[in-house]
Amino acid sequence: MKFISLFFLLATILTANVMASSRNVSTYVFTLQTDSLKKADTSKTTKVTKGKKSKANAGKKNAAAKNDTTKNGSNGGLQSQVTSHAEDSVITDKVHDITYLYGRARVTYEDFELDADYIRLDQKNHLIFAKGSTDPITKRYVGRPISKQSKDKPVESDSLLFDYKTKKGRVFNPASEQDGNYLSGGEIKKLNETEVAYRNTTFSTCDLPQPDTHFGIVITKGIGEKNRIISGPAYLEIEGIPLPLAIPFGFFPKPDQRASGVIIPTFGEDQKLGFYLRNFGYYIGFSDYLDLTTMGTVYSKGSYELNTTAHYLQRYKYGGTVSLSYGSHNYGLEGDPAQKDFNITWSHSQDPNAHPGSTFSASVNAGTSTYYRNDPAQNNYNLNSLTQNNLRSSINYSKTWDGTPFNLSVGLSHSQDLTNKTVTLQLPTLSFTMASINPFDSKDRVGEQKWYQKLTVSYSLQATNEVDAIPEAQLFKGSTLSKKLQSRAVHQIPVGLSLNVLKYFQFSSSVNYTDHWYLQTINKSYIRGGVTKDGVVIDPTQPVIDTISGFKRAGSYNLSTGLSTKLYSTINFKKGNIIAIRHVMTPTISFNYNPDFSDPSYGYYKRIVSNAAIPYPTQSQLYSIFPDGFPSAGKQAGISLSVDNTIQMKLKPKTTDTSGKARKVNLLDGFSVSTFYNFAQDSLKLSPISFSAHTAILNQKVNLSLYGSFNPYETLVLDTISNGVIQKYTREINRYTFQDGKFPMLTTISFSMSGSLNSTTFKPHVPVTPGSTLQTITPQQAQKLAFINSDPSQYIDFNVPWNLAFNYNFSFNNNIINTNSTNTVMLSGDVSITSKWKIQYNTNFDLRAGKLAVSSFSIYRDLHCWDLNVQWVPFGIYKSYNVTLKVKAAILQDLKLSKRSDYTSSSYFNGNQ
């Protein structure tokens with residue numbers, strides 16, 4: 001019964017969608033005369049090839065010119081010209097006024113165009129007959145007629161007869177694409193200007209012509225009008241086999257725009273929610289630039305889901321997608337309250353040429369923290385969505401003024417921690433900047449700049465209104481914004497100077513002034529035990545933070561002066577492919593000064609002391625009265641030292657390189673060591689010595705990076721007693737490790753290796769095809785792109801044989817008392833077993849624990865007009881499988897058969913599932 005139901009569903013949807021979206025077909029009248037009809041070539045190629053001229057044609061002596069233009073003004077009253085030519089030969093019968101064209105022949109008349117291997121042009125009767133020819137070598141039927149009239153789609157056929165005066169004709173075994181559907185086989189005939197007759201014609205989403213069409217609806221007889229199709233008997237055919245699924249007649253609308261229609265749901269059972277009717281709804285195609293899809297899912301145990309998605313596109317201007325989702329699920333016991341979830345996504349991009357000087361973009365993904373876990377079907381059980389920890393959104397508008405250094409940017413942003421269920425909002429942010437200018441330089445200057453003319457000044461204003469890390473449950477409460485919104489504006493004025501000193505040294509100096517404006521400040525205090533605030537018992541060991549409204553400003557400044565140079569060393573080689581290896585060292589020394597803004601004279605910091613009463617010990621804390629902790633505490637006056645290194649290798653050109661230029665290879669993109677010595681501190685003046693390195697191998701395809709830090713001071717391990725338990729802790733002392741003959745202690749080190757490789761990685765890049773960008777995208781391309789964006793996991797590129805993305809991470813931290821490390825590797829990608837089979841994989845492995853994290857595997861089979869997709873998560877809390885068989889055609893994306901085992905999360909059940 002399931003098998004019969006599937007094909008009944010297929011017949012219903014395919015008939016409705018194909019006929020509803022078909023446009024006017026190129027039409028012809030047919031009367032087969034002396035020329036015989038050839039069978040279609042069953043090969044899948046549609047390339048027009050030139051056949052050899054027959055011996056009869058080769059023996060004819062009177063070959064005419066290859067181009068012939070005839071003006072039909074005296075015969076029949078036609079005023080337009082019939083233009084014809086052929087690559088092989090053109091023979092003219094002047095008695096009967098008939099022209100025979102052989103070999104890649106072409107005829108044009110007004111808005112009609114025809115290409116074929118053989119064309120007979122009867123100018124007396126205004127008839128054109130065309131057919132292909134049999135290749136004497138391959139014995140295949142090649143050079144099939146390809147005709148096009150006005151704005152209709154091209155039609156390929158076995159043969160045709162066309163009256164170019166009445167614009168009527170007939171076509172045998174046509175093959176044409178009609179708005180995502182394919183018409184093939186049988187005959188088509190135009191009865192008048194508005195009516196078309198069909199006979200044994202197959203409408204299908206399969207682009208192979210008859211007899212290779214995999215499946216379709218065969219209309220034995222039918223009449224097509226401008227806005228409707230009246231059909232006689234029609235039946236479903238798969239792989240050339242008629243099925244007992246037929247209709248005696250049909251009446252279907254045929255609008256001249258994108259068709260709307262019902263979305264057929266899928267049936268199944270979820271082990272937690274019960275039987276379901278999933279993704280039923282309605283699609284509305286308002287135009288080629290806007291559509292709306294609304295779908296819903298209901299479960300037998302009372303849960304339901306709703307989703308509305310709109311795609312919009314205005315060529316050369318903008319495009320985007322908006323999606324709203326809501327779900328109500330009961331994963332607990334019967335009678336428990338349902339869990340409500342919602343999600344909003346919006347992506348918008350603008351053509352930069354639409355409004356020069358201004359841009360607008362949006363990328364929004366917001367909702368409840370449990371949406372992706374509770375509504376997995378809306379996301380097709382995508383592991384990347386199920387396991388993500390953060391959601392981020394941004395909406396930005398920017399404006400630049402041509403000929404000026406000024407730029408304005410206004411935006412809204414959102415950040416959501418799904419693990420802690422907290423939300424951070426910035427509503428809104430404003431950025432106004434002025435690029436660096438030389439205030440003492442003159443536009444009419446002649447000669448080099450003076451030293452004072454090299455002074456640069458810039459300005460920036462950053463204004464934010466932020467709600468930081470508030471619980472998700474408090475987001476929509478009325479007091480949230482009024483009590484927790486933090487507003488500030490930051491003004492920055494940097495002044496810089498850069499000079500060449502003593503020819504080989506680069507001197508730089510800068511003075512930066514920063515001014516913060518606040519609308520709120522904070523006050524901290526300790527509360528005695530037993531005192532409650534708003535009904536909550538306050539921990540006496542933790543300070544209470546009160547927000548005080550009112551304008552307050554804080555200013556800070558710092559000075560930095562540096563000197564750097566470059567040292568070169570080269571090793572030359574006389575033999576081998578290596579010409580030379582060059583090492584470049586860039587040492588830098590700089591002086592930095594920053595006052596201690598925690599000094600009471602500034603009024604930016606306060607000290608809080610707890611009540612010194614038994615049993616509570618005295619606690620003291622220095623804090624900034626500003627929410628973001630600005631400005632920094634502690635005086636800084638010291639020297640910063642850093643050394644950066646790069647290594648390059650020069651190789652001889654390859655034997656295939658005709659330019660003869662030597663090749664340069666980066667052996668080490670950078671290796672730096674840095675530290676800072678603060679003279680203003682009373683002890684521990686030397687900061688940790690940090691180092692980092694990065695490079696790329698395999699022709700810059702694999703990235704390697706290293707980071708670490710050394711502690712130059714001795715560290716003591718001491719004991720303390722807490723709650724009757726002896727605990728160890730560490731304390732640094734003002735003594736260098738080298739004073740005791742020791743190397744500085746390695747406190748942290750991390751190494752990572754990442755890359756993305758595929759079969760095209762080591763090949764020259766293919767240039768971008770014109771017309772493949774948002775600016776020049778067609779409505780059909782936009783529709784396909786919208787489907788891909790709505791579910792990227794459904795798009796599989798069989799043109800790339802293999803893909804591999806990997807990421808290896810190792811980290812080690814040491815504080816003497818204990819150490820911890822991580823050692824993980826991530827692999828993802830796909831490989832094509834054949835041109836029709838592809839396997840996709842995604843896995844994470846913890847090398848230290850020797851365990852696999854969440855892993856998934858997918859198998860894809862290209863069935864030409866269908867796609868078979870098997871997704872499998874073999875273990876973990878998302879253990880599941882999903883088998884889907886669906887139609888490729890975009891207009892039938894919802895025509896599919898699915899079988900899945902829904903995942904069982906450990907948050908609802910314990911034990912192995």
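Residues take numbers from 1 onward in each chain, read along the sequence in its written order. Under the rules for a predicted model, residues below a pLDDT of 70 receive no local features and side-chain atom pairs below 80 are neither given nor counted, while totals for whole chains, interfaces and linings still include all residues. Calculated side-chain values reflect all of the structure's heavy atoms, with hydrogen atoms and water omitted.

Some thoughts on the overall build of the protein
And step 1. Helices and strands together make up the secondary structure of the protein, namely six helices and 57 strands.
And step 2. Only protein chains enter the area calculation, which uses a 1.4 Å probe; residues under 20% of their type maximum are buried, those over 50% are exposed, and those in between are partly exposed. Across the 913 residues in the protein, those meeting the buried criterion constitute 37%.
And step 3. Counting only contacts in the protein whose residues sit at least 6 apart along the sequence, the fraction spanning at least 24 positions is 52%.
And step 4. Counting only carbon and sulfur atoms, one obtains 57% of the accessible surface of the protein, whose full area is about 51000 Å². Counting from the N terminus, the helices are the DSSP runs of H or I reaching at least four residues and the strands are the DSSP runs of E reaching at least two. By definition, residues are in contact when any of their heavy atoms lie within 4.5 Å. Accessible surface area values rest on a Shrake-Rupley calculation with a 1.4 Å probe, where residue burial reflects the displayed protein chains alone.

Examining the pairing of strand S49 (residues 745-758)
And step 1. For two strands to pair, DSSP has to find at least two bridges joining them. Sheet topology places strand S46 (residues 702-711) next to S49; 10 bridges connect them, and they run antiparallel. Within S49, the residue paired with Val702 across the bridge is Gly755.
And step 2. Alignment of S49 against strand S50 (residues 802-814), held across 11 bridges, turns out to be antiparallel. Across the sheet, residue Phe751 finds its bridge partner in S50, namely Phe810.

Quick notes on the nonpolar core
And step 1. Buried Ala, Val, Leu, Ile, Met, Phe, Trp, Tyr and Cys residues form a nonpolar core when they are joined through side-chain atoms within 4.5 Å. Grouped together as the largest cluster of nonpolar side chains are 29 residues, with contacts concentrated most on Leu101, Leu114, Ile119, Ile128 and Tyr164.
And step 2. Among the secondary structure elements, those contributing two or more residues to this core are strand S4 (98-109), strand S5 (112-122), strand S6 (127-131), strand S11 (159-163), strand S16 (196-204), strand S17 (215-224) and strand S19 (234-238).
And step 3. At five residues, S5 tops the list of elements feeding residues into this core.
And step 4. Phe597, Tyr604, Tyr623 and Phe630 belong to the second largest nonpolar core, which has 11 residues in total.

Some words on the pairing of strand S12 (residues 168-172)
And step 1. Across the five residues of S12, four count as buried, placing the element largely inside the fold.
And step 2. Relative to S12, S11 runs antiparallel, the two sharing five bridges. The partner of Phe162 across the bridge, within S12, is Gly169.
And step 3. The loop that links S11 with its antiparallel partner S12 comprises four residues; one of these, Lys167, has a positive phi angle of about 60 degrees.
And step 4. Across three bridges, S12 lies against strand S15 (residues 187-190) in antiparallel orientation. Note on S15: the bridge partner recorded for Arg170 is Lys189.

Focus on the packing of aromatic side chains
By convention here, two paired aromatic rings are described through the distance between centres and the angle between planes.
And step 1. Any two rings among Phe, Tyr and Trp, with Trp reduced to its six-membered ring, count as a pair given centres within 6.5 Å; such a pair is stacked if its planes are under 30 degrees apart, edge-to-face if over 60, and tilted if neither. The final tally for this structure, using the stated rule, is 22 aromatic pairs.
And step 2. With a centroid separation of 6.2 Å and an interplanar angle of 45 degrees, the aromatic rings of Trp346 and Phe360 are classed as tilted. Note that Trp346 is positioned in strand S28 (residues 339-350) and Phe360 in strand S29 (residues 358-367), a separation of 14 residues in sequence.
And step 3. Grouping aromatic residues by their ring pairs yields a cluster made of Tyr518, Tyr557, Phe597, Tyr602, Tyr604 and Phe626.
And step 4. Over the face of the ring belonging to Tyr276 we find Arg278, whose NZ or CZ atom lies 3.9 Å from the ring centre. Placement of a charge over a ring requires the Lys NZ or Arg CZ to be within 6 Å of the ring centre, with the centre-to-atom vector within 35 degrees of the ring normal.

Observations concerning the pattern of salt bridges
Pairs can form between side chains of opposite charge whenever their charged atoms are close.
And step 1. Salt bridge, as used here: a side-chain nitrogen of Lys or Arg that lies within 4 Å of a carboxyl oxygen of Asp or Glu. Within this structure, the stated rule accounts for 14 salt bridges.
And step 2. Glu187 is paired through a salt bridge with Arg170; the nearest N and O atoms lie 3.9 Å apart. Taken together, the residues span a long stretch of sequence, with Glu187 in strand S15 and Arg170 in strand S12 at a distance of 17 residues.
And step 3. A salt bridge links Arg553 to Asp515; its shortest N-O distance comes to 2.4 Å. Of the two residues, Arg553 sits in strand S38 (residues 544-564) while Asp515 sits in strand S35 (residues 505-525), which places them 38 residues apart along the sequence.
And step 4. The network of salt bridges with common partners includes Arg106, Glu113 and Asp115.

Some words on a nonpolar patch on the surface
And step 1. To count toward a patch, a residue needs a relative accessible area over 30% and no salt bridge; like charges are then connected within 9 Å, while nonpolar side chains (Val, Leu, Ile, Met, Phe, Trp, Tyr) are connected within 5 Å. Where nonpolar side chains cluster on the molecular surface, the patch consists of Phe280, Val298, Tyr304, Leu306, Leu324, Tyr326, Phe342, Ile344 and Phe476 and spans about 800 Å² of accessible area.
And step 2. On the secondary structure map, Leu306 appears in strand S26 (residues 304-314).

A word on the confidence of the model for the protein
Should the pLDDT be low somewhere, the predicted coordinates at that spot are not to be read in detail.
And step 1. On a range of 0 to 100, pLDDT expresses the predictor's confidence in each residue. Residues with a pLDDT of 70 or more make up 78% of the protein, whose mean pLDDT is 79.
And step 2. Ranking the helices and strands of the protein by mean pLDDT puts strand S40 (residues 578-594) first, with 96, and helix H2 (residues 55-58) last, with 37.
And step 3. Within the model, the stretch residues 72-78 combines pLDDT values under 50 with 19 contacts to residues more than four positions away or in other chains.
And step 4. Throughout residues 768-775 the model reports pLDDT below 50, and contacts reaching past four residues in sequence, or to other chains, amount to nine contacts.

Let's talk about the environment of Asp88
And step 1. Structurally, Asp88 is set in the loop between strand S2 (81-85) and strand S3 (89-93).
And step 2. A residue is classified by how much of its surface remains accessible, and Asp88, at 19% relative accessible area, is buried.
And step 3. It is 4.7 Å that separates the C-alpha atoms of Asp88 and Gly103, two residues lying 15 residues apart in sequence.

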